Amino acid sequence: MRRSFTVALERYGYRMTAVADGLAALELFREESFDLLILDVMLPGLDGIGLCRRVRETSLVPVLMMSARGDGLDVVAGLEAGADDYVVKPVDTYVLVARIRSLLRRATYAPVPGSVPEQAAGDASSPSGGDLLVFGDLTIDTGGLEVSVSGKPVALTPTELKLLLEFAAHPGIVLERHTLLRDVWEYGWDGDSRVVDLCVQRLRGKLGRDRIETVRGFGYKLRR
């Protein structure tokens, strides 16, 4: 499977490096630079979930988790460890490529000028030329794509950042899970809402538990 995915993705123009076990992958990751990681949960030596945790200690590189059990604990554990998305084996190449493209777009994401409504924008402009949005102790620089809480910088993965910017563009407005799946994860079909729930959970851990409010039966909203 590793060889077949490598060949298939190289045909789409990606440069691939395939590693057979988690410990070797971690060593290689520390030595070289990668734009995206695809981690199988069942890697020998160090499994994909443990590897994802180790990667997240030092890097915000996009991570796509691959699991053989789409409704099992593996999916939840992988997302809690910091993965941005997951696919279930067996997976068609075109689905895998679509997820990769979406993750890479998030990694280079920049808000479209005017995408932040006037009522959400702060009174100040950032040195980067974007808006400086302030929600209590939370500050978002939409130009420099920097986030701080009480003046201290907060490191967010590309997916976490895009999700936060989506909330900041609609402060006080409830965003349904399927809307977030469409606009942040770019799912053109009904996806697994667990990716939304667990990414919100990770955001709360970094921004404060009360910043993003759950509206039961509907979705989430950013408190003004």
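This is a predicted model, so every value here is computed, not measured.

### Some points on the sheet that holds strand S3 (residues 85-88)
Across a sheet, strands are paired by hydrogen bonds formed along the backbone, either parallel or antiparallel in direction.
Item 1. Sheet architecture is open: three strands sit in the order S1-S2-S3, paired in parallel fashion. In this open sheet, the two strands that pair with only one neighbour each are strand S1 (37-40) and S3. For this sheet, the mean angle separating the axes of adjacent strands, direction not counted, is 25 degrees.
Item 2. Note: S1 against strand S2 (residues 63-67), four bridges, orientation parallel. Pairing of Ile 38 across the sheet is with Leu 64, part of S2.
Item 3. Across the face of the sheet, helix H5 (residues 93-107) comes into contact with S1, S2 and S3 while running at roughly 155 degrees to S2.

### A few points about H5
Within an α-helix, residues lying three or four positions from one another point in the same direction, as the helix has 3.6 residues per turn.
Item 1. Between the first and last C-alpha of H5 there are 21 Å, a value that for 15 residues agrees with the 21 Å anticipated at 1.5 Å per step.
Item 2. Turning to H5, its buried residues number three or more, namely Val 95, Leu 96, Val 97, Arg 99, Ile 100, Ser 102, Leu 103 and Arg 106.
Item 3. Tucked inside the fold, the buried residues of H5 contact helix H1 (2-11), S1, S2, S3 and helix H6 (158-168).

### Here we look at the pattern of salt bridges
Item 1. This model, assessed by the stated rule, comprises twelve salt bridges.
Item 2. The partner of Arg 202 in a salt bridge is Glu 160, with the nearest N and O atoms 2.7 Å apart. One end of the pair, Arg 202, is in helix H8 (residues 194-207); the other, Glu 160, is in helix H6, and 42 residues separate them in sequence.
Item 3. For Asp 183, the salt bridge goes to Arg 182, with nearest N and O atoms at 2.8 Å.
Item 4. We classify Asp 183 as partly exposed; its relative accessible area is 25%.

### Description of the packing of H5 against H6
Item 1. Interaxial distance between H5 and H6 falls to 8 Å at its minimum, and their mutual angle equals 70 degrees. Considering their axes alone, H5 and H6 lie roughly perpendicular with respect to each other. From H5, Leu 103, Arg 106 and Ala 107 reach across to H6, where they touch Pro 158, Thr 159 and Lys 162.
Item 2. In terms of residue class, the contact of H5 with H6 is made up of three nonpolar, one polar and two charged.

### Brief notes about the nonpolar core
Item 1. Within the largest apolar cluster, 50 residues are counted, with the highest numbers of intra-cluster contacts made by Leu 138, Ile 140, Val 147, Leu 163, Phe 167 and Trp 185.
Item 2. Broken down by element, the residue count for this core peaks at seven residues, all from H8.
Item 3. Ranked by size, the runner-up nonpolar core spans twelve residues in total, among them Leu 36, Leu 64, Val 87 and Ile 100.

### As for unusual backbone geometry
Item 1. In the segment running from Lys 89 into Pro 90, the intervening peptide bond is cis, with an omega of -5 degrees.
Item 2. Inspection of the secondary structure assignment puts Pro 90 in the loop between S3 and H5.
Item 3. For Leu 145, which is not glycine, the phi torsion reads 55 degrees and is therefore positive.
Item 4. Structurally, the position occupied by Leu 145 is in the loop between strand S6 (138-141) and strand S7 (146-149).

### Regarding the confidence of the model for the protein chain
Item 1. A residue-level look at the protein chain finds 87% of positions with pLDDT of 70 or above and a mean pLDDT of 87.
Item 2. Scored below 50 in pLDDT, residues 118-123 shows nine contacts in the model against residues more than four places distant or in partner chains.

### Observations regarding the environment of Leu 165
Item 1. In this structure, Leu 165 sits in helix H6.
Item 2. Taking relative accessible area as the criterion, Leu 165 reaches 9% and is therefore assigned buried.
Item 3. Separated by 32 residues in the primary sequence, Leu 165 and Leu 133 have C-alpha atoms spaced 9.9 Å apart.

### Points about the side chain of Arg 106
Item 1. Tracing the backbone through its elements, the reader meets Arg 106 in helix H5.
Item 2. One buried charged side chain, Arg 106, makes no salt bridge at all; its nearest oppositely charged neighbour is Asp 85, positioned 4.3 Å away.
Item 3. A distance of 2.7 Å separates the side chain of Arg 106 from the side chain of Thr 159, its partner in a polar contact.
Item 4. Ignoring sequence-local partners within four residues, the contact set of Arg 106 consists of Asp 84, Asp 85, Pro 158, Thr 159, Lys 162, Val 184 and Trp 185.

Parameters and conventions
Residues numbered from 1 in each chain as written. Predicted model: local features only at pLDDT ≥ 70, side-chain atom pairs only at ≥ 80, totals over all residues. Heavy atoms only, no water. Pairing = 2+ DSSP bridges. Helix = DSSP H or I, 4+ residues; strand = E, 2+ residues; numbered from the N terminus. Axes fitted to C-alpha atoms, helices over the stretch in contact; angles between N-to-C directions. Contact = heavy atoms within 4.5 Å. Expected span 1.5 Å × (residues − 1). Buried < 20%, exposed > 50% of the residue type's maximum accessible area, 1.4 Å probe, protein only. Salt bridge = Lys/Arg side-chain N within 4 Å of Asp/Glu carboxyl O. Parallel < 35°, antiparallel > 145°, perpendicular 65-115°, else oblique. Nonpolar A, V, L, I, M, F, W, Y, C, P; charged D, E, K, R; others polar. Core = buried A, V, L, I, M, F, W, Y, C linked by side-chain atoms within 4.5 Å. pLDDT = per-residue confidence, 0-100. Lys, Arg positive; Asp, Glu negative; His and termini not counted. Polar contact = N/O pair within 3.5 Å; in protein donor to acceptor, adjacent residues only side chain to side chain.

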